[in-house]
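Analysis of the macromolecular model
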Amino acid sequence: MEEKFNFLGFQDRWQKYWEEKGFYRGEDFSKKPKFYILVMFPYPSGSGLHVGHGRNFIPADVVARYKRMKGFNVLHPIGYDAFGLPAENYAIENGINPKISTENNITNFRRQLKSLGLSYDWTREFTTSDVEYYKWTEWFFEFLFKRGLAYQDRSFQWWCPHCKTVLANEQIIDGNCWRCGTPVVRKELKEWFFRITDYADKLLEGLDRIEWPDRIKSMQRNWIGKSEGAEIAFKVELPGGTTCEIPVFTTRIDTIFGVTFLAIAPEHPLLHELTTSDRKEEVGRYATEAFKKAEMDRLSQDREKTGTFLGTYAINPLTQERVPIFVGDYVVYSYGTGAVMGVPAHDERDFAFAKKHELPIKFVVKPVSATADTEKAFIDYGTLIDSKEFSGLTSEEAITKIVAYIEKQELGKGVVKYKMRDWLISRQRYWGAPIPIVHCPEHGAVPVPESELPVLLPDEVDFSPRDTGESPLANDKNFVNTKCPICGKPSKRETDTQDGFACSSWYFLRYADPHNNDAPFDRAEIDYWLPVDLYIGGAEHAVMHLLYSRFYTKVMRDAGLIGFDEPFKKLMNQGMILGADHQKMSKSRGNVVNPDDIIQEYGTDTLRAYMLFIGPLESDALWSTEGINGVFRFMKRVWNLFSENAKIASYISSAEEKDVDIMTDKMVQHITNQVENFKFNTMISSFMEWLNYLLKIREEHQTIGRTKAFREALEAFIKMISPATPFIAEELWHRFGHRDSIHVQSWPAPKNIYKEEVITIPIQINGKLRDRIEAPVDAGEDEIKELAMKASKISAMNLDFSKANFIFVKKNPLEKSEDYKGVRYASTNSFKKSEDYKGVRLLNIVIH
RNA sequence: GCCGGGGUGGCGGAAUAGGCAGACGCACGGGACUUAAAAUCCCGCGGUAGAAAUACCGUACCGGUUCAAUUCCGGUCCCCGGCACCA
């Protein structure tokens, strides 16, 4: 009886061995081609890893290990995104400094990551809350500040009453805080922003050059929200006899002849100036109501189009018509100019507003074919009517011509607007990278001199957050009080800290040169390793981390700090692992599965193989105990066959060796293809098929198990499965008598000693499978035709082949590519053309 | 509403680029081994009809192109994700 599959007996041993040997270190400036594979680094929470984390880390590790075997110099690093609220909240509740709890959590994370057999370069590990790291996060703040990309602004911000901090627009999901789900409220505060909007166009353009999922690209495009239109000013005669102008933004300047009113947002600065004295009370009441409503009804879908007349009129610059001006809360102040021209005939919202306030509806664009329906807005492009000299033009033509006209007449201009806002980066919390700014009564916001960085986060602080919109750091007099770097006058330090996303916006660069004390990184190291070749992480960061990182990268490139402007060449989003209740795994739901338990029961290799087998990398998958059992059975069968075969000392020969060799070659090609295409679930299936084949042929032909071909098949198998199941592979490899590690072996290539001689060809009659024949691999069409007509099931059909049309589907040898892309098939519609191809793969006989 | 993705057995899923639908695994049913159970091994497993051979139907639905469609085209329905009064 063979030895039991005792995985715990060798896992730790090999883990130590690999680390001592340093196999997984990325070698700076190696002559080998480099491959940088990165996973989104984890937040080291107190609850440790759950199996869902493996959904990301394990496939990435397979790629890293595969690439090493393919001769690449691989950089596969890991670190911790450690600044953030959970550690701080824990500190508040338990009085333990976040530094301590973070260190403890990381110790646990590191242990768990190692137990998963992940082949990280541990020499490059860092934590964003390390002084050595956040010094450079501060440095980057100043870098942006000096380039005019960081500024302070006092305005209404979204405040999370639970986290007691402001949030960036991207960090509000459906009106709630992205972290804790608490509804956010408006608060007027002076905050720090990064001018990401300056990069809107570059962020948009770069998306065309990177290999990212469409979903993420579309979310970013959506978020940036570029729209091209025109800005045009409407003149207003004010009650006092003076005049002013209200600029409006529109993407439909072709509808300007249909303007019947103007609407401005309640926040509009000209609101009171534009209101006649008899309307002041009413308008004031409306504006106050609107502000209140803004807090409550943010989410309501179809809000009523409320508003009220200001008492004043604006002049349509193209028609000189007088139109009433309204205030209406359906106008978004922060977009465009905060004022819109009301064209009820051609905009649904304006239509609803006009109906409610009994304003005229004037159609100036008619549909090209169908007749106009005057009971609703016609929002499509069409042909202009009643539009003076522009009548008869299509909307497209009219937009170009009217923009040209207003530019010539200096009434307005073509402009581009974005939905994206600047990134609000200050947080009123303790556990983050300090903002290295000193507020001097004379010189204003002054950056701390570079030589004095870092501004250290004080250890002894009263962490309690405040509702005032101040950071707990404001409690620490020693921290706050300082001198102005310019004039030396008593000044106050900035007490807000940076958004955690500031830390993660450049961490992928730091791995190239993680211990540099003189700079965030050395340019040569960056030029060697970056950009990241493959980045794997969750889709929840689509418009946060992934957008911010691209922004940082582009700024650095513009400053000449680095030589590329897109940090992540290829991006993949792993799906989530759902608990037994079909819900996302989380501690609060109580459906988490701890990898420690799984490893104890089944071993790391089984866990890894199951993670790969569970489904396509990008889709969500349900954790199932039955499922992992199936994979465990597979691992045990691998163990039994291989450990038994390891005892064979001398080989005999057998007639079936050729079959085994052909199968090995097929599988080598097939599995290589699957890894290259990240099809890990079918890759594991292929190993199962391969094992089933080996067990079956050995069952049928006792001697085959003792041949060289069989041993070679097992060695190819074990090498190729080693990225997925590194422990069992290493153990069996050594049992096969090898002294070196399996993880420094080369990836197998097909041997191509034998070619298949006979293949099975399916025979269809009128497109339906009726029989199969065995034929020589390069049999000609006539030969196959004869065999097909004689095939038992076909001949039993008594068909009249004289009128039959024979369609031979063949493989095309010309298109067999070098890179194991597999054999490709071409269907051939003309007999003439089919002469160019060899090797019939399918025959369809058409008889009518 | 707009954008993106999807719909295949009881379940997870497979089918590389139009060519054998359902690989592989789970669950289930039957059998072997066992005093018995677990473990392991063998057989079966889309639907309908049939004792069986086999036939017909079948990849959300309707239609089209093709010798051949899960795959391509047009339309419809449904599900998931994102954005949403953005002018």
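A brief report on the enclosed structure follows. Computed from a prediction, not measured in an experiment: that's the story for all the values here. (Residues numbered from 1 in each chain as written. Chains lettered and ligands numbered in written order. Predicted model: local features only at pLDDT ≥ 70, side-chain atom pairs only at ≥ 80, totals over all residues. Heavy atoms only, no water.)

**A closer look at the environment of cysteine 160**
Note that cysteine 160 resides in strand β3 (residues 150-160). If near-sequence neighbours (up to four positions away) are discounted, cysteine 160 is found in contact with Thr165, Leu167, Cys177, Cys180, Thr182 and Val184. (Helix = DSSP H or I, 4+ residues; strand = E, 2+ residues; numbered from the N terminus. Contact = heavy atoms within 4.5 Å.)

**With respect to the side chain of serine 505**
Take serine 505: it is sitting in the loop between α12 (500-503) and α13 (507-510). A residue is classified by how much of its surface remains accessible, and serine 505, at 0% relative accessible area, is buried. In terms of polar contacts, serine 505 uses its side chain to reach the backbone carbonyl oxygen of phenylalanine 501, at 2.5 Å. (Buried < 20%, exposed > 50% of the residue type's maximum accessible area, 1.4 Å probe, protein only. Polar contact = N/O pair within 3.5 Å; in protein donor to acceptor, adjacent residues only side chain to side chain.)

**Looking at the packing of aromatic side chains**
Any pair of aromatic rings gets described here by the distance separating the centres and the angle formed by the planes. Per the stated rule, a full pass over the model turns up 63 aromatic pairs. Seen in terms of ring centroids, tyrosine 17 and phenylalanine 23 are 6.0 Å apart; in terms of plane orientation they differ by 80°. Their pairing is edge-to-face. For the ring pair phenylalanine 309 and tyrosine 313, a centre distance of 5.4 Å and an interplane angle of 65° mean the geometry is edge-to-face. If you follow arginine 186 out to its NZ or CZ, it ends over the ring of tryptophan 158, 4.3 Å from the centre. Cation over ring: arginine 493 sits above phenylalanine 479, and NZ or CZ is 5.8 Å from the ring centre. (Phe/Tyr/Trp six-rings, centres within 6.5 Å; stacked < 30°, edge-to-face > 60°. Lys NZ or Arg CZ within 6 Å of the ring centre and 35° of its normal.)

**A closer look at the sheet that holds strand β19 (residues 437-440)**
Read from one edge to the other, the open sheet built from four strands follows the order β20-β19-β22-β21, with strand pairing classed as antiparallel. What marks the edges here is a single partner per strand, and that holds for β20 (444-447) and β21 (481-483). The average undirected angle you get between the axes of adjacent strands in this sheet is 45°. Looking at chain direction, β19 and strand β22 (residues 490-493) are connected through two bridges and run antiparallel. From the neighbouring strand, histidine 439 faces β22, where its bridge partner is lysine 492. (Pairing = 2+ DSSP bridges. Axes fitted to C-alpha atoms, helices over the stretch in contact; angles between N-to-C directions.)

**Regarding the pairing of strand β10 (residues 261-264)**
Burial along β10 is two-sided: the face carrying Phe261 and Ala263 and the face carrying Leu262 and Ile264 are both buried. In terms of strand pairing, β10 meets strand β13 (residues 339-342) through four bridges, oriented antiparallel. Opposite leucine 262, over in β13, you have methionine 341 as the bridge partner. As paired elements, β10 and strand β12 (residues 322-328) share three bridges and run parallel to each other. Its bridge partner lying in β12, leucine 262 is registered against isoleucine 325.

**Notes on the nonpolar core**
Ranked by internal contacts, the top residues of the largest apolar core, which has 93 residues, are Trp623, Phe642, Trp690 and Phe717. Each residue touching tryptophan 623, except ones within four places of it in the same chain, is listed here: Val51, Ile577, Leu578, Met585, Val593, Ile598, Leu607, Tyr610, Met611, Ile614 and Ile628. One finds Leu75, Trp529, Leu546 and Met556 within the second-largest nonpolar core, a separate group that totals 86 residues. (Core = buried A, V, L, I, M, F, W, Y, C linked by side-chain atoms within 4.5 Å.)

**Structural notes on helix α19 (residues 657-676)**
Look at α19: 28 Å from first C-alpha to last across 20 residues, which is about the 28 Å you get at 1.5 Å a residue. Burial analysis of α19 places 14 of its 20 residues in the buried class, which makes it a mostly covered element. Just downstream of α19 lies phenylalanine 678, where phi reads positive at about 60°. (Expected span 1.5 Å × (residues − 1).)

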